[in-house]
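Secondary and tertiary structure notes
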Amino acid sequence: MSEKLYEAAFPYGDDVLALPVADIDDATRWYSHAFGLREVERRGGPQPAVTLERDGVQIGFAVNGGDPASEGAAIRVTDIHRARDELQAKGVETGNWRVDEEDGCKLQVFFVIAPDGLCYYFHQPLDEV
């Protein structure tokens, strides 16, 4: 299926392109498989980093000493059911399927806690479901 699924990604903290991980290669492998992201840039140096992308939406990971347990991203999708089905088909545990309300807009949401400890809030406005 080639229809766009990811619309945007917003960080919980400062930078959706520098989410903290312990190992760039492990992160690249897992997110490529689980989220269907592809590598678009890699940087070495004292803080190795990688940028991955899907549907023009970029998410980056860096070995920057940050705490993954308090970081992650909100990922807006075009089809919340398809997003959950894709993840579950790849063995990714999804949780807390619910409806949230933000600024008067109801959102269908679910969460994924990645093996690195980062938390992802997948969401779609209910008027689009």
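Below or above, wherever it landed, is the structure these notes cover.

Quick notes on the rules
Residues numbered from 1 in each chain as written. Predicted model: local features only at pLDDT ≥ 70, side-chain atom pairs only at ≥ 80, totals over all residues. Heavy atoms only, no water. Helix = DSSP H or I, 4+ residues; strand = E, 2+ residues; numbered from the N terminus. Rg over C-alpha atoms; globule rule 2.2 N^0.38 Å. Buried < 20%, exposed > 50% of the residue type's maximum accessible area, 1.4 Å probe, protein only. Areas by Shrake-Rupley, 256 points an atom, 1.4 Å probe, with all protein chains shown as cover. Core = buried A, V, L, I, M, F, W, Y, C linked by side-chain atoms within 4.5 Å.

1. Let's talk about the overall build of the chain
Along the backbone of the chain there are two helices and nine strands. The secondary structure elements of the chain, listed N-terminal to C-terminal, are β-β-α-β-β-β-β-α-β-β-β. Taking 129 residues into account, the globule formula puts the C-alpha radius of gyration at 14 Å, and the chain, at 14 Å, falls close to it. If one aligns the C-alpha atoms of the chain with their principal axes, the spans along those axes are about 45 × 30 × 25 Å. Burial status across the chain gives 43% buried among its 129 residues. By element, 47% of the accessible surface of the chain is carried by carbon and sulfur atoms, the whole surface being about 6700 Å².

2. Let's talk about the nonpolar core
By size, the foremost hydrophobic cluster in this structure holds 30 residues, and its most contacted members are Tyr 6, Tyr 31, Phe 35, Phe 61, Ile 75, Tyr 120 and Phe 122. Looking at this core, the elements that each hand over two or more residues are strand E1 (6-11), helix H1 (24-35), strand E4 (49-54), strand E5 (57-62), strand E6 (72-77), helix H2 (80-89), strand E8 (105-113) and strand E9 (119-125). Counting residues per element, this core draws most heavily on H1, at five residues. Counting residues in hydrophobic clusters, the runner-up holds six residues, among them Ala 74, Val 109, Phe 111 and Cys 119.

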